[in-house]
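Now for the letters of each chain:
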Amino acid sequence: QDDQHVRGLLRRSDWASYRNGAPKWETVLDIDALSAQDGKPWVTGMPDCLEPEYRRCLVTLSNGGKDAAIVREFDLRERQFVADGFALPEAKHRLIWETGETVLLGTDWGAGSLTESGYPFIIKRWRRGQPLAAATEIFRGSPRDVGMFPMRFLDRDGSVALVLVRGETFFESTFQLVEGERLVPLTLPRRSEVVALWSGELVVALQEDWKVGESIFHSGS
């Protein structure tokens, strides 16, 4: 962002010129131009791009910076939004790539599908080309929860872990691993956070002591 590009430019550089200290920047998406085209003061962050190609990306666009936003699928190679790609109307979405053909999604599915805090508590699997109404439910929390959201973690060897987080309060959550059609509960402390996947193991930050057998892992570790 600068005084000429108030809403920002998404740019990229090849790795060699970046490492040499003289990046050759290429504009991928001009948010100011998009805002002018759509007549909306769009605010966005980094797109969620699917590895290992990092070609197809989910771009979240918020009208003026509010919590509710739209989502559009973007092609980094073609530098344009994908016709008939994944696209969501304005809502408080929580979504991740599952595969190149499916996403795991929490959104406003209609009356009674949001928590008292206004966030989704139902997670569904949505396939490319499928109407949103045909997405398949994989987990349902409670309207009394804060919200449900999926997370995707990439390991250094390219393997992936998909975790569903059920925020039962602002401080306590339960966790499940998505393995195809199966959900595997993770016996983690309720006051903890999954932060990474490394060498096949999940890395967890603790906000309470965790007793495992005779070992105690302390809060803050």
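What to know about the sheet that holds strand β11 (residues 122-127)
Reasoning step 1: Across the sheet, 4 strands lie side by side as β9-β10-β11-β12; this open sheet has antiparallel pairing. Lying at the two open borders of the sheet, with one neighbouring strand each, are β9 (94-97) and β12 (136-140). Adjacent strand axes in the sheet meet at a mean angle of 20° when their direction is disregarded.
Reasoning step 2: Here β9 pairs with strand β10 (residues 102-106) via 4 bridges, running antiparallel. Within β10, the residue paired with W97 across the bridge is V103.

Some details on the packing of aromatic side chains
Reasoning step 1: With the rule as written, the count across this model stands at 6 aromatic pairs.
Reasoning step 2: Seen in terms of ring centroids, F86 and W97 are 5.8 Å apart; in terms of plane orientation they differ by 80°. Their pairing is edge-to-face. Pair noted here: F86 is in the loop between β7 (80-81) and β8 (87-91) and W97 is in strand β9, with a separation of 11 residues, a long-range link. Take F86 and W97: they sit in the same class, and that class is buried.
Reasoning step 3: Considering the side-chain rings of F86 and W126, the 5.2 Å spacing of their centres and the 65° angle between planes classify their relative orientation as edge-to-face. Linking F86 in the loop between β7 and β8 with W126 in strand β11, this pair joins segments that are 40 residues apart in sequence. Of the two residues examined, F86 and W126, each falls in the buried class.

Overview of the sheet that holds strand β14 (residues 160-167)
Reasoning step 1: The strand order across the open sheet formed by 4 strands is β13-β14-β15-β16, and the pairing between neighbours is antiparallel. Of all the strands in the sheet, just β13 (147-154) and β16 (182-186) have a single pairing partner and so form its edges. Sheet twist, expressed as the mean angle between neighbouring strand axes with direction ignored, is 30°.
Reasoning step 2: In terms of strand pairing, β13 meets β14 through 8 bridges, oriented antiparallel. Residue F149 lies in a different strand from β14, and its bridge partner there is V165.

What counts as what
- Residues numbered from 1 in each chain as written.
- Predicted model: local features only at pLDDT ≥ 70, side-chain atom pairs only at ≥ 80, totals over all residues.
- Heavy atoms only, no water.
- Pairing = 2+ DSSP bridges.
- Helix = DSSP H or I, 4+ residues; strand = E, 2+ residues; numbered from the N terminus.
- Axes fitted to C-alpha atoms, helices over the stretch in contact; angles between N-to-C directions.
- Phe/Tyr/Trp six-rings, centres within 6.5 Å; stacked < 30°, edge-to-face > 60°.
- Buried < 20%, exposed > 50% of the residue type's maximum accessible area, 1.4 Å probe, protein only.

Keep in mind these values describe shape, not function.
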